[in-house]
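Each chain, written out:
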Amino acid sequence: MEAKAPVPSLAALRAEIDRIDEAMHRLLMERGDIIARLIEVKRTAETGSAFRPAREAEMMRRLVERHRGILPLDTAESILRVIIATFTYVQAPYRVHADLSTGEAAMRDSARFHFGFTVPFEGHLGAAGVIRALDGAHGDLGLVPAAGTAAGAWWAALEAADAPKIIARLPFVERADHPAGLPVFAIARPHPDALVTEVRLHSVRVSGWSLKAAQAAGMLAEVVSAPDGAFDGAALLVSVPAGRTIDEVVAALIGAGASVRSQTLVGGHATRYTVSAEGALVPTGH
Ligand SMILES: O=C(O)C(=O)C[C@]1(C(=O)O)C=C[C@@H](O)C=C1
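Within any chain, residue numbers begin from 1 and follow the written order of that chain's sequence. Only residues with pLDDT of at least 70 get local features here, since the model is predicted, and only at 80 or more are side-chain atom pairs given and counted; chain-wide, interface and lining totals rely on the full set of residues. To get the side-chain values, all heavy atoms of the structure are used, and hydrogens and water are removed first.

Before going further, it helps to examine the packing of helix α7 (residues 211–218) against helix α8 (residues 246–255). For helices, the fitted line uses only the C-alpha atoms of the stretch in contact; every axis is such a line through C-alpha atoms, and the angle between N-to-C directions lies from 0 to 180 degrees. Each helix is a run of H or I in the DSSP string that is no shorter than four residues. Each strand is a run of E no shorter than two, and both are numbered from the N terminus. In contact at an axis separation of 8 Å, α7 and α8 are set at 155° when each is read in the N-to-C sense. Taken as axis vectors, α7 and α8 run roughly antiparallel relative to one another. Between α7 and α8 lies a crossing of right-handed hand. Across the interface between the two elements, Lys212, Ala213, Ala216 and Ala217 of α7 pack against Val249, Ala252, Leu253 and Gly255 of α8. In the scheme used here, Gly and all other residues not listed as nonpolar or charged are polar, with Ala, Val, Leu, Ile, Met, Phe, Trp, Tyr, Cys and Pro taken as nonpolar and Asp, Glu, Lys and Arg as charged. Of the residues assigned to the contact of α7 with α8, the class counts are 6 nonpolar, 1 polar and 1 charged. Oblique is the label for any angle not covered by the other classes, which are roughly parallel (under 35 degrees), roughly antiparallel (over 145) and roughly perpendicular (65 to 115). Definitions for this section: a left-handed crossing has its near helix turned counterclockwise from the far helix by less than a right angle. A right-handed crossing has that turn clockwise. Whether two residues are in contact is decided by their heavy atoms: any pair within 4.5 Å suffices.

Quick look at the structure:
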């Protein structure tokens with residue numbers, strides 16, 4: 001029997017690829033039609049930012065759980081990120097303001113990975129500049145490194161009731177080799193529906209800050225600290241996970257000899273998840 005020529009089967013496979021590409025494109029356009037209807041339901045134009053981080057975090061977790069095959073997860077995630085971020089932009093145009101002070105490349109990678117290239121990007125040197133930029137623009141988004149910056153306690157600028165708040169922590173799903181793995185906080189003037197309270201972020205001012213106090217608070221919550229005022233004063237950004245309260249953290253600080261001068265809620269985000277080496281989705285730190 002004569003062996004089959006490879007050409008027809010290559011053509012057949014390419015026909016399959018064309019069919020899939022066309023179907024994906026048609027589905028994207030259909031998604032656009034749904035978004036057009038969703039705009040009416042959400043009345044985004046009247047109420048500012050269309051960004052709903054809790055919904056996005058859940059969508060990204062489901063993508064990770066569903067994913068299989070030879071396409072890298074990073075690619076699947078980046079495609080869905082660009083789709084969602086661009087449809088957010090289509091609902092209500094916004095700019096991404098990013099703090100480049102800890103390194104431009106990693107921050108730019110994070111902004112482009114999570115928000116794509118259609119959403120305008122504006123760099124700032126320092127978190128204060130990012131937060132100032134959000135003052136003037138209703139639906140804009142700020143990105144600041146989550147690990148803290150040399151500029152100090154930038155989160156204090158979020159304390160006022162009408163100030164922007166932290167609304168998300170990116171990437172939504174963490175992993176050791178994430179291509180845009182710089183941990184960043186997204187800051188915006190949140191729509192009331194957009195507030196996420198699984199992890200609550202508090203700006204806390206203490207005196208008597210010490211290694212013992214840092215260790216006591218660190219047992220219960222993630223803490224970023226910056227010097228504040230007098231010699232042993234500190235400004236803290238405390239991420240209180242679900243199941244814990246800021247009162248417990250305050251009690252631990254006092255028990256370790258610190259005095260707590262003030263504490264103010266400055267935002268919240270979804271529970272953090274990590275993809276393990278085996279590909280399982282687990283809450284970060286477990
Ligand atoms: O579900 C919504 O509220 C939407 O606006 C849709 C959508 C999306 O494109 O899937 C866009 C923006 C939100 O942050 C979440 C999801």
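The next thing to look at is the nonpolar core. Grouping buried Ala, Val, Leu, Ile, Met, Phe, Trp, Tyr and Cys residues that are joined through side-chain atoms within 4.5 Å yields what is termed a nonpolar core. Each residue is assigned to one of three classes by its accessible area relative to the maximum for its type, calculated with a 1.4 Å probe on protein chains only: buried under 20%, partly exposed between the two thresholds, exposed over 50%. Counting residues in each nonpolar core, the largest one holds 34 residues, and the members touching the most others are Val96, Phe115, Leu141 and Leu143. Of all the elements in the fold, those that place two or more residues in this core are α3 (53–66), α4 (73–91), β1 (96–99), α5 (104–115), β3 (141–145), β4 (165–170) and β6 (184–188). Beyond its immediate stretch of four places on either side in the chain, Val96 contacts Ala111, Phe115, Val119, Pro120, Phe121, Glu122, Leu141 and Leu143. Formed by 18 residues, the second largest nonpolar core is a distinct cluster that contains Val144, Trp154, Phe185 and Ala226.

Moving on to the domain arrangement of the protein. According to the domain assignment, the protein contains domain 1 (47–194) and domain 2 (200–266). Domain start and stop points were drawn from an automatic or database domain assignment. Look at where the C-alpha atoms of domain 1 and domain 2 centre, and you get two points 25 Å apart. Both faces combined, the contact of domain 1 with domain 2 buries some 1,000 Å², and carbon together with sulfur accounts for 65% of it. The quantity reported as buried area is the accessible area (1.4 Å probe) lost by two parts once they are put together, taken as the sum for both. Considering only the side of domain 1, the residues that lose the most area to domain 2 are Trp155, Glu159 and Ile166, jointly responsible for 57% of the buried surface there. Counted as salt bridges are all cases of a side-chain nitrogen of Lys or Arg within 4 Å of a carboxyl oxygen of Asp or Glu. Note that Glu159 and Arg205 form a salt bridge whose closest N and O atoms lie 3.3 Å from each other. Any N or O atom pair separated by 3.5 Å or less is treated as a polar contact, with the protein-specific requirement of one donor-capable and one acceptor-capable atom, and with residues adjacent in sequence counted only for side-chain atom pairs. Run the count over domain 1 and domain 2 and you get 5 residue pairs in polar contact (both at pLDDT 80 or more). In terms of residue count, β4 provides more of the side of domain 1 that touches domain 2 than any other element does, 3 residues in total. Its residues assigned to classes, the side of domain 1 that touches domain 2 shows 9 nonpolar, 2 polar and 3 charged.

Glancing now at the environment of Arg272. Along the chain, Arg272 turns up in the loop between β10 (259–269) and β11 (273–275). Measuring from C-alpha to C-alpha, the distance between Arg272 and Ile39 comes to 29 Å, with 233 residues separating the pair along the chain. Those residues in contact with Arg272 that lie beyond four places of it in its chain are Arg169, Glu174, Glu222, Val282, Pro283 and Thr284. Side chain to side chain, Arg272 and Glu174 meet in a polar contact 2.7 Å long. A distance of 2.7 Å separates a polar atom in the side chain of Arg272 from a polar atom in the side chain of Glu222.

In this section: helix α6 (residues 127–136). Within the span of α6, buried status applies to Ala127, Gly129, Val130, Ile131, Ala133 and Leu134. Check the buried side of α6 and you find it contacts β1, β2 (121–124), β3 and β6.

So, on to the packing of aromatic side chains. To pair, rings of Phe, Tyr and Trp, with the six-membered ring standing in for Trp, must have centres within 6.5 Å; the planes then decide the type, stacked if under 30 degrees apart, edge-to-face if over 60, and tilted in the middle. Scanning the entire structure with this criterion turns up 5 aromatic pairs. With a centroid separation of 6.5 Å and an interplanar angle of 80°, the aromatic rings of Tyr94 and Phe115 are classed as edge-to-face. Highlighted residues: Tyr94 in the loop between α4 and β1 and Phe115 in helix α5, separated in sequence by 21 residues. In this structure, Tyr94 and Phe115 share a single accessibility class: buried. Their ring planes at 55° and their centres at 6.3 Å tell us that Trp154 and Phe185 sit as a pair that is tilted.

As a further point, take the pairing of β6. The buried fraction of β6 amounts to 5 of the 5 residues, a majority that puts the element mostly inside the structure. Residues of β6 alternate between two faces, with Val184, Ala186 and Ala188 on one and Phe185 and Ile187 on the opposite face, all of them buried. For two strands to be treated as a pair, DSSP must find at least two bridges joining them. Two strands pair when backbone bridges link them, and β3 and β6 are joined in this way by 4 bridges, in the antiparallel orientation. Following the sheet pairing, Val144 is matched in β6 by Phe185. Pairing of β4 with β6 involves 5 bridges; the strand directions are antiparallel. By the bridge assignment, Lys165 is partnered in β6 with Ala188.

Another aspect to go through is the environment of Arg112. Mapped onto the elements, Arg112 comes out in helix α5. Once the C-alpha coordinates of Arg112 and Arg81 are considered, the two residues, 31 residues apart in sequence, prove to be 9.5 Å apart.

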